[in-house]
Amino acid sequence: MIRSHLVRNSLTLSFFNRGLSSHAGRLEGKIALITGAASGIGKATASKFISNGAKVVLADVEEELGQATAKQLGPNATFIPCDVSNEANVSDAVDFALSLHRRLDIMYNNAGIACNTPPSILDLDLAIFDKVMNINVRGVVAGIKHASRVMIPQQSGSILCTASVTGVMGGLAQHTYSVSKVAVIGIVKSMASELCKYGIRVNCISPFAIPTPFSINEMCRFFPGTEKEKLEKMIFDLSALEGAVCETNDIANAALYLASDDAKYVSGHNLVVDGSFTCFKRLNFPLPDQNPS
Ligand code: NAD
């Protein structure tokens, strides 16, 4: 009786294990290039990919910080300076990864900036709009273009991009940034529709607010002089999901899933990591069943 129970359990276990790759090395032997990898989400993802067996090229416009991050992440991390708004830089970063590792399995277009613009369309500064589009949109397109140049002959690859909850619903950021992230979600759908015939998957991740230098700098504009710890807490307090906050590691985990064979049939998808924030609008009065009395 005990034996048959054990056999049944081990059969169940082996059934489940067949469907999942080994969690120790879900990217064993894979080569990844991540833009905006000197800091925040890019850095956390590089670290996650390396601990899962990948070799990672970190591309970032911040040279000193990028070098220091690569050193911190160890021998499977290499840094190349790259401004994603410059197509030649992006092309060179892809060629660098290729010359170092002979292939490119994962391209993560993560670099992005926020912008200091007034909230109303009436005050929109189109010069700032162009600058943000150059990095957040054109940079992503350039990354997909040059990764595809390598991945099409390979007939395989996983391309990721960082979008945002601000691209999923309006009113969460000023127009320029929101529009740039809506565009990233659209780019993913458009590119996935072509690249599927070469076995290349294209997906994006839409994170909720996370305290990184990017968001802390934005918060500083609204609350000048406020300590960093207080700003971090203000961001965490926005969380909709009771008992949890959004952290860079949550995005790294989403990227790991999408980059790995666990997501082998997932393409053209926007993986929203927001603890349900964009699912509902909070009412400013309690519904009867929400008001225990
Ligand atoms: P971060 O500031 O920690 O990292 C961004 C990195 O991008 C920096 O290292 C920066 O040097 C680099 N970068 C900026 N411009 C670049 C350029 N032209 N070329 C190459 N690298 C450049 O911020 P983060 O929060 O990790 O941001 C990463 C991505 O996540 C961005 O696309 C951002 O829009 C997106 N995002 C962030 C949040 C958040 O709340 N932190 C939420 C949703 C989406």
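Right above here is the structure, for reference.
Small disclaimer: the values here were computed from a predicted structure and weren't measured. (Residues numbered from 1 in each chain as written. Predicted model: local features only at pLDDT ≥ 70, side-chain atom pairs only at ≥ 80, totals over all residues.)

**Q** What's the story with the site of the ligand in this structure? I'm lost.
**A** Near the ligand you find 28 residues, and of these Gly36, Gly40, Gly112, Thr212 and Phe214 are the closest. Residue assignment for the shell around the ligand shows that the elements contributing at least two residues are helix H2 (40-51) and helix H7 (213-222). Its residues assigned to classes, the shell around the ligand comprises 13 nonpolar, twelve polar and three charged. (Near = placed C-beta within 6 Å. Helix = DSSP H or I, 4+ residues; strand = E, 2+ residues; numbered from the N terminus. Nonpolar A, V, L, I, M, F, W, Y, C, P; charged D, E, K, R; others polar.)

**Q** Is there a simple way to explain the environment of Lys30 in this structure?
**A** Along the chain, the position of Lys30 falls in the loop between helix H1 (2-19) and strand E1 (31-35). For the pair Lys30 and Met151, spaced 121 residues apart in the sequence, the C-alpha separation amounts to 13 Å. Not counting residues up to four positions away in its chain, the partners in contact with Lys30 are Gly53, Ala54, Asp105 and Ile106. (Contact = placed C-beta atoms within 7 Å.)

**Q** Explanation requested: the sheet that holds strand E3 (residues 77-81) in the structure shown.
**A** Adjacent strands of a sheet pair through backbone hydrogen bonds, lying either parallel or antiparallel. In spatial order, the strands read E3-E2-E1-E4-E5-E6-E7; together these seven strands make up an open sheet with parallel pairing. Of all the strands in the sheet, just E3 and strand E7 (270-273) have a single pairing partner and so form its edges. The mean inter-strand angle of the sheet, taken between neighbouring strand axes irrespective of direction, is 20°. Strand direction decides the pairing type here: E1 and strand E2 (residues 55-60), joined by five bridges, are parallel. Looking across to E2, one finds that Ile31 is bridged to Lys55. Of the strands in this sheet, E1, E2, E3, strand E4 (106-109), strand E5 (157-162) and strand E6 (200-207) touch H2, which is tilted by about 170° from E1. Relative to the sheet, helix H6 (residues 175-195) contacts E5, E6 and E7, its axis offset from that of E6 by approximately 165°. (Pairing = 2+ DSSP bridges. Axes fitted to C-alpha atoms, helices over the stretch in contact; angles between N-to-C directions.)

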